[in-house]
Amino acid sequence: TQGENIADNGGVKESYYAYQQWIATARHGRQEPTLPGLKLSNNQIFFLSFAQIWCNKARPASVREALNTAAHSPGKFRVIGTLSNSPEFAEAFTCPTGSKMNPEKKCYVW
């Protein structure tokens, strides 16, 4: 679990940097067009796509069982933990400093 949580933090960070590098080089600094009908920036959609892979719905009994037996953190906490450690996420969503998703102290490994 700890290793995967660390990998989530590093993976989101590196993939975000790669996305920004792609914009800078392949698109010559021009942002991609935004998706019609969504009032989200492309950076917000980037982070939303990470969060979406961990979406699920489970009964309370299943959640308790998983907490006792699963080798991995629940998806909800993988998302909250990873994105709350990301200054880029906080900037994209203008999260106030000191809020749940933008704590003053963040965990950095790389």
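The rules behind these values
- Residues numbered from 1 in each chain as written.
- Predicted model: local features only at pLDDT ≥ 70, side-chain atom pairs only at ≥ 80, totals over all residues.
- Heavy atoms only, no water.
- Helix = DSSP H or I, 4+ residues; strand = E, 2+ residues; numbered from the N terminus.
- Buried < 20%, exposed > 50% of the residue type's maximum accessible area, 1.4 Å probe, protein only.
- Areas by Shrake-Rupley, 256 points an atom, 1.4 Å probe, with all protein chains shown as cover.
- Lys, Arg positive; Asp, Glu negative; His and termini not counted.
- Charge placed at Lys NZ, Arg CZ, Asp CG, Glu CD.
- Axes fitted to C-alpha atoms, helices over the stretch in contact; angles between N-to-C directions.
- Left-handed = near helix turned anticlockwise from the far one by under 90°.
- Contact = heavy atoms within 4.5 Å.
- Nonpolar A, V, L, I, M, F, W, Y, C, P; charged D, E, K, R; others polar.
- Parallel < 35°, antiparallel > 145°, perpendicular 65-115°, else oblique.
- Core = buried A, V, L, I, M, F, W, Y, C linked by side-chain atoms within 4.5 Å.
- pLDDT = per-residue confidence, 0-100.

Asker: Help me understand the overall build of the chain in this model?
Answerer: Each helix and strand counted, the chain has five helices and zero strands in total. Of the regular secondary structure in the chain, the N- to C-terminal order runs α-α-α-α-α. The C-alpha extent of the chain, read off along each of the three principal axes, is 50 × 35 × 25 Å. Per-residue burial for the chain yields a buried fraction of 27% across its 110 residues. Split by element, the accessible area of the chain, about 7700 Å² in all, is 59% carbon and sulfur. The distance from the centre of the 12 positive side-chain charges to the centre of the 8 negative ones in the chain is 8 Å.

Asker: Even after reading the chapter, I still don't get the packing of helix α1 (residues 2-25) against helix α2 (residues 42-52), so can you show me in this structure?
Answerer: Angle between the axes and distance between the axes: these two values describe a pair of packed helices. Orientation of α1 relative to α2, taken along the N-to-C sense of each, is 145°, at an axis distance of 11 Å. Seen from above, α1 lies across α2 with right-handed handedness. Counted together, Val12, Ser15, Tyr16, Tyr19 and Gln20 of α1 and Asn42, Asn43, Phe46, Phe47 and Phe50 of α2 form the full contact between these two elements. Classifying every residue of the contact of α1 with α2 by side-chain character gives six nonpolar, four polar and no charged.

Asker: Quick question: what am I supposed to make of the environment of Glu91 here?
Answerer: Position of Glu91 relative to the elements: it lies in helix α5 (residues 87-92). Of the residues examined, Glu91 reaches a relative accessible area of 64% and is grouped as exposed. For the pair formed by Glu91 and Gln44, sequence separation is 47 residues and the distance between their alpha carbons is 9.4 Å.

Asker: What is the right way to look at the packing of α1 against helix α4 (residues 75-84) in this model?
Answerer: Where α1 meets α4, the axes come as close as 9 Å, and the angle between the chain directions of the two elements is 50°. Taken together, α1 and α4 sit at an angle that is classed as oblique. Between α1 and α4 the crossing geometry is right-handed. Side by side, α1 and α4 meet where Glu4, Asn5, Asp8, Asn9 and Val12 of the first sit next to Arg78, Gly81, Thr82 and Leu83 of the second.

Asker: Where do I start with the nonpolar core in this structure?
Answerer: In a soluble, globular protein the nonpolar side chains are often hidden away together inside. Of all hydrophobic cores here, the largest spans 15 residues; its most connected members are Val12, Phe46, Phe47, Leu83 and Phe89. Among the secondary structure elements, those contributing two or more residues to this core are α1, α2, α4 and α5. Contacts of Phe47, omitting those with residues within four sequence positions, involve Val12, Tyr16, Leu83, Ser86, Glu88, Phe89, Ala92 and Phe93.

Asker: Help me understand the confidence of the model for the chain, please; the structure alone is not making it clear to me.
Answerer: Detail in the predicted coordinates should be disregarded across regions flagged by low pLDDT. The predicted model of the chain averages 92 in pLDDT, with 99% of residues at 70 or higher. Mean pLDDT per element in the chain: helix α3 (residues 60-69) is the minimum at 89, and α5 is the maximum at 98.

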